[in-house]
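Per-entry structural report
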Amino acid sequence: GRRSSIHPLEEEPMLDTSDGEGVFRITAIKNRFDVSYDDNKSGGYRDLSLNVEVGWVMDEGVVSFQQVQNWGLLECQRHICEIQVRLKSQHHQITSKGLHTR
């Protein structure tokens, strides 16, 4: 499946600071720039994909992102977002040809 090449990280969040002040954590990394990645699997396409989890509370219509250390203490909504880092030249080729539209 699509998620089979995502590499989950250890239980501890990578970017949560030691004092828990971080407001997000990376839950998975897919590094297609790595020289060991077999780009035949993706037709030569390469990028870096990060799955980032965020937590927030909403109070009177205002969203407030919360520190990772507080996620268990508050009734936080949580969501995992994917951030893709691409080469500008590849991004232009993909978008101009309509290859990555939904």
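To be clear, the structure that these remarks concern was listed above.
So, here is what we can say about the structure in this document. Quick caveat, the model's predicted, so the values are computed rather than measured. Every chain is numbered independently, its residues counted from 1 as its sequence is written. Per-residue local features of the predicted model are confined to residues with pLDDT of at least 70, and side-chain atom pairs are confined, for both listing and counting, to 80 or more; whole-chain, interface and lining totals are unaffected and use all residues. Note: side-chain values were computed over all heavy atoms of the structure, leaving out hydrogens and water.

1. Structural notes on the pattern of salt bridges
Filter applied, for reference: Salt bridges are defined as contacts in which a side-chain nitrogen from Lys or Arg sits within 4 Å of a carboxyl oxygen from Asp or Glu. By the criteria applied, helices consist of DSSP H or I runs no shorter than four residues and strands consist of E runs no shorter than two, each listed in order from the N terminus. In this scheme, a residue with accessible area under 20% of its type's maximum is buried, one over 50% is exposed, and one in between is partly exposed, where area comes from a 1.4 Å probe on protein chains only.
Under the criterion given, the structure shown has four salt bridges. Of the charged contacts, one joins Arg46 and Asp39 as a salt bridge, the two residues approaching to 3.6 Å between their closest N and O atoms. A salt bridge links Arg78 to Glu53; the nearest nitrogen and oxygen atoms lie 3.0 Å apart. Of the two residues, Arg78 is situated in strand β5 (residues 77–85) and Glu53 in strand β3 (residues 48–59); the sequence distance between them amounts to 25 residues. With relative accessibility at 42%, the residue Arg78 sits in the partly exposed group. Put simply, Arg25, Glu53 and Arg78 are held in one network by salt bridges that share partners.

2. Section: the side chain of Gln66
So the rule is basically this: N or O atoms closer than or at 3.5 Å make up a polar contact, with two conditions inside protein: a donor-capable atom paired with an acceptor-capable one, and, for residues adjacent in sequence, both atoms drawn from side chains. In what follows, residue pairs with any heavy atoms lying within 4.5 Å of each other are defined as contacts.
Within the secondary structure layout, Gln66 lies in the loop between β4 (62–65) and β5. Relative accessible area serves as the criterion here: at 13%, Gln66 is assigned to the buried category. At 3.1 Å, the side chain of Gln66 forms a polar contact with the side chain of Ser64. If we skip the residues at most four places from it in the chain, Gln66 touches Gly22, Val23, Gly55, Trp56, Val57, Trp71, Leu74 and Cys76.

3. Some points on the nonpolar core
Threshold: To define a nonpolar core, start from buried Ala, Val, Leu, Ile, Met, Phe, Trp, Tyr and Cys residues and group those joined through side-chain atoms within 4.5 Å.
Formed by Ile26, Leu50, Val52, Val54 and Trp56, the largest nonpolar core amounts to five residues. By residue number, the principal contributor to this core is β3, which donates four residues. Ignoring anything within four residues of it in the chain, the contact list for Leu50 reads Ile26, Ala28, Ile29, Cys81, Glu82 and Ile83.

4. Structural notes on a nonpolar patch on the surface
Worth spelling out the cut-off: To count toward a patch, a residue needs a relative accessible area over 30% and no salt bridge; like charges are then connected within 9 Å, while nonpolar side chains (Val, Leu, Ile, Met, Phe, Trp, Tyr) are connected within 5 Å. Using the Shrake-Rupley algorithm and a 1.4 Å probe, accessible areas are obtained, with residue cover drawn only from the displayed protein chains.
On the surface, Val23, Phe24, Met58, Val63 and Phe65 cluster together into a nonpolar patch covering about 460 Å² of accessible area. With respect to the helices and strands, the residue Val63 is situated in strand β4. The class of Val63 is partly exposed, set by a relative accessible area of 40%.

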